[in-house]
Amino acid sequence: MERTQMRPAGPDDEERIKRFLAGLSPRTQTFRFFTGGTVPGLAGRLLAVDERRDAIVAATDAGEIVGHAMSYRGGCADVEIAVVVTDAWQGRGVGRRLIDALLRRASVRGAKTVGMDVMGENRRVLRLIRRRWPDARMTVSSGSVEVIAMIDAAHPFAEQRSGGTPLTV
């Protein structure tokens, strides 16, 4: 089985991100972007990193991007996150690993709370959130669920004890 590596996203990833986005099913596009259509300029926005935004990708050994996660400081929590994994790689732990890496980076920068907007139909992600953050505050509004949870500093760092190579800050 092919492995994935979590790494910071960068401007050199633009063509790979475009291929990644083109390969997402309409359902996955809708769950992540709340629209099933093409969004002009999306690839560039997914790669934009500055003092408020962070982005990482999950890439195969061959360099193919199979997952993307981003965070934004501010809003309803210290950091808001969004994650998407290509259909063929869903259910393999890539999303969880992207979340861990992203929250590790946010925690090091002082974030204590995490926020997410999840479509109410996205049962898989809502189950993951309930398992990971049983005390999360969930507010339903217009078919989406706003989630606010505490970042458990111990949880994202568990990967370091696993013998794997953690994504560095």
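So, here's what we can say about the structure. This is a predicted model, so every value here is computed, not measured.

Every buried residue belonging to helix α2 (residues 26–33) is among T28, Q29, F31, R32 and F33, and all of these are buried. Buried residues in α2, looked at end-on, bunch into an arc of 165 degrees, giving them a common side. Along α2, the residues that are exposed and aim more than 90 degrees away from the buried face are P26 and R27. On its buried face, α2 is in contact with α1 (14–22), α3 (42–47), β3 (65–74), β4 (77–85) and β5 (113–119). Where α2 terminates, the next one or two residues include F34, which has phi positive at roughly 65 degrees.

Turning our attention to helix α4 (residues 94–108). Here α4 contains 15 residues, and its C-alpha end-to-end distance of 21 Å stays within 8% of the 21 Å for a straight helix at 1.5 Å per residue. Within α4, 12 of the 15 residues are buried, which leaves it mostly tucked inside the rest of the structure. Restricting attention to buried positions, one finds in α4 the residues V94, G95, L98, I99, D100, A101, L102, L103, R104, R105, A106 and S107. Buried positions along α4 lie against β1 (4–8), β2 (53–60), β3, β4, β5 and α5 (123–132). A positive phi of about 100 degrees marks G110, the residue just after α4.

Each value, and the rule that gives it
Residues numbered from 1 in each chain as written. Predicted model: local features only at pLDDT ≥ 70, side-chain atom pairs only at ≥ 80, totals over all residues. Heavy atoms only, no water. Buried < 20%, exposed > 50% of the residue type's maximum accessible area, 1.4 Å probe, protein only. Helix = DSSP H or I, 4+ residues; strand = E, 2+ residues; numbered from the N terminus. Arc of directions from axis to C-beta. Contact = heavy atoms within 4.5 Å. Expected span 1.5 Å × (residues − 1).

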